[in-house]
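The residues making up each chain are set out below.
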Amino acid sequence: MENLIFSLNATVPVFMLMVLGLLFHKIGWMDEEFASKMNKFVFKVPLPVLLFRDLAAVDFKEAWDPLFVLFCFVVTMISILISAGISFLWKDRSIQGEFIQACYRSSAAILGIAFIQNIYGDSGMAPLMIIGSVPLYNVMAVLVLSVTNPGAEKSGEKMAVKTLKGVVTNPIILGITAGLLWSACKLPMPRMLDRIVSNMAGVATPMGLMAMGAAFDIRKAFARAGAAVTASLIKLIGFCALFLPAAVWFGFRREELIAILIMLGSSTTVTCFVMAKNMGHEGVLSSSAVMLTTLLSAFTLTGWLYVLRSLGLV
């Protein structure tokens, strides 16, 4: 019972904030445009500041773990290859690119960091997990969507350059880099600056989660049901069952294991839909997978956390 209560205490507050966002949307306090702008603001300002704050406060040599970063990178690459292989089972080739994306791209930033913060009080190993996985998410997404898009020959190269530039200028990556450099240079954090940074970082999690909840549309979750359900099962259960034992075998525990769980088993990121639409795809499968995984991850993450807690790994 103690392990179940621990798991529920970690997951329920996170998803209740999303429910609040959904409620605010229903009563007209947060429309889609407002939620979209709030989500974009969180991504560009408070979230990078949160990551900067957590990394700037630790010793660089302690924070950097090359084995952990390499593990996240390799597992992400294998997940992409597995997703690509499974995608050939669908006769409708027009959904292939969206299906691959939906299977492997996690909401590692907003939802993942919120989850880890709720357990440990800070972002834990999430920044290093993001370094190992998120740039690869973005680069492979543009390649996958370009190859599976009929107009890829005309637009693929330009889109690839644009996306690679986007990876380099990604606010989250910039926040992590700035935090690591601050830590490596052992720069002091003046009290006034620390207060400003902490106040800004404090709004990242609640704002981001409520924006996700306000953007949730349950009707879209039933479109492209077969492929969306398959992608959701792979995203929330399949990769966790496959790679969590490997993570344990490599000796990862506590914050490291939680970060890997988030990388593998958190909901499909909303970016999948945005990217698919902007690269000439229908976007229905992407939005359906986002909705389904966001809804179901409340239960699956609680379950995985309960298992890890029961085994004494977190």
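So, a few notes on the structure that sits alongside this text.

About the thresholds
Residues numbered from 1 in each chain as written. Predicted model: local features only at pLDDT ≥ 70, side-chain atom pairs only at ≥ 80, totals over all residues. Heavy atoms only, no water. Helix = DSSP H or I, 4+ residues; strand = E, 2+ residues; numbered from the N terminus. Expected span 1.5 Å × (residues − 1). Bend = angle between axes of the 7 residues up to and from the residue. Buried < 20%, exposed > 50% of the residue type's maximum accessible area, 1.4 Å probe, protein only. Arc of directions from axis to C-beta. Contact = heavy atoms within 4.5 Å. Phe/Tyr/Trp six-rings, centres within 6.5 Å; stacked < 30°, edge-to-face > 60°. Salt bridge = Lys/Arg side-chain N within 4 Å of Asp/Glu carboxyl O. Patch = residues over 30% accessible without salt bridge, like charges linked within 9 Å, V, L, I, M, F, W, Y side chains within 5 Å. Areas by Shrake-Rupley, 256 points an atom, 1.4 Å probe, with all protein chains shown as cover.

**Quick word on helix H8 (residues 126-147)**
Piece 1. Compared with the 32 Å implied by 1.5 Å per residue over 22 residues, the 30 Å span of H8 between its first and last C-alpha is a close match.
Piece 2. Residue Gly132 marks the point of greatest curvature in H8, where the axis turns by about 35 degrees; the proline Pro135 follows within four residues.
Piece 3. When you tally the buried positions in H8, you get 17 out of 22 residues, the bulk of the element.

**Considering helix H5 (residues 66-87)**
The periodicity of an α-helix, 3.6 residues per turn, causes residues three or four places apart in sequence to face the same way.
Piece 1. For H5, which comprises 22 residues, the first-to-last C-alpha distance of 32 Å matches the rise-based estimate of 32 Å (1.5 Å per residue) to within 8%.
Piece 2. Among the residues of H5, Phe68, Val69, Phe71, Cys72, Val75, Thr76, Ser79, Ile80, Ser83 and Ser87 are the ones counted as buried. For H5, the arc enclosing every buried residue in end-on projection is 165 degrees, short of the 170-degree limit, so these residues lie on one face. In H5, the exposed positions angled more than 90 degrees off the buried face are occupied by Leu70 and Leu81.
Piece 3. Those residues of H5 hidden inside the fold are in contact with helix H6 (96-104), H8, helix H13 (225-249) and helix H14 (254-265).

**Points about the packing of aromatic side chains**
Piece 1. Scanning all chains against the criterion turns up 10 aromatic pairs.
Piece 2. Consider the rings of Tyr104 and Tyr137, whose centres lie 5.8 Å apart with planes at 55 degrees: the pair is tilted. You can see Tyr104 sitting in helix H6 and its partner Tyr137 sitting in helix H8, a full 33 residues away along the chain. Of the two residues, Tyr104 and Tyr137, neither departs from the other in class, the shared state being buried.
Piece 3. A connected cluster of aromatic rings, assembled from ring pairs, spans Phe68, Phe71, Trp249, Phe250 and Phe252.

**Some words on the pattern of salt bridges**
Piece 1. Scanning the entire structure with this criterion turns up two salt bridges.
Piece 2. Between Lys37 and Glu33 there is a salt bridge; the shortest N-O distance is 3.3 Å. Of this pair, Lys37 and Glu33 both sit in helix H2 (residues 32-44), four residues apart, roughly one helical turn.
Piece 3. Owing to a relative accessible area of 52%, Glu33 belongs among the exposed residues under this scheme.
Piece 4. Across the pair Glu255 and Arg254 runs a salt bridge whose closest N-O atoms are separated by 3.8 Å.
Piece 5. With a relative accessible area of 28%, Glu255 lands in the partly exposed category.
Piece 6. Relative accessible area serves as the criterion here: at 43%, Arg254 is assigned to the partly exposed category.

**As for a nonpolar patch on the surface**
Piece 1. Where nonpolar side chains cluster on the molecular surface, the patch consists of Leu8, Val12, Met16 and Val19 and spans about 320 Å² of accessible area.
Piece 2. Here Met16 shows up in helix H1 (residues 2-26).
Piece 3. The partly exposed category is assigned to Met16, whose relative accessible area is 45%.

Scope: geometric values only; no functional claims are made or implied.
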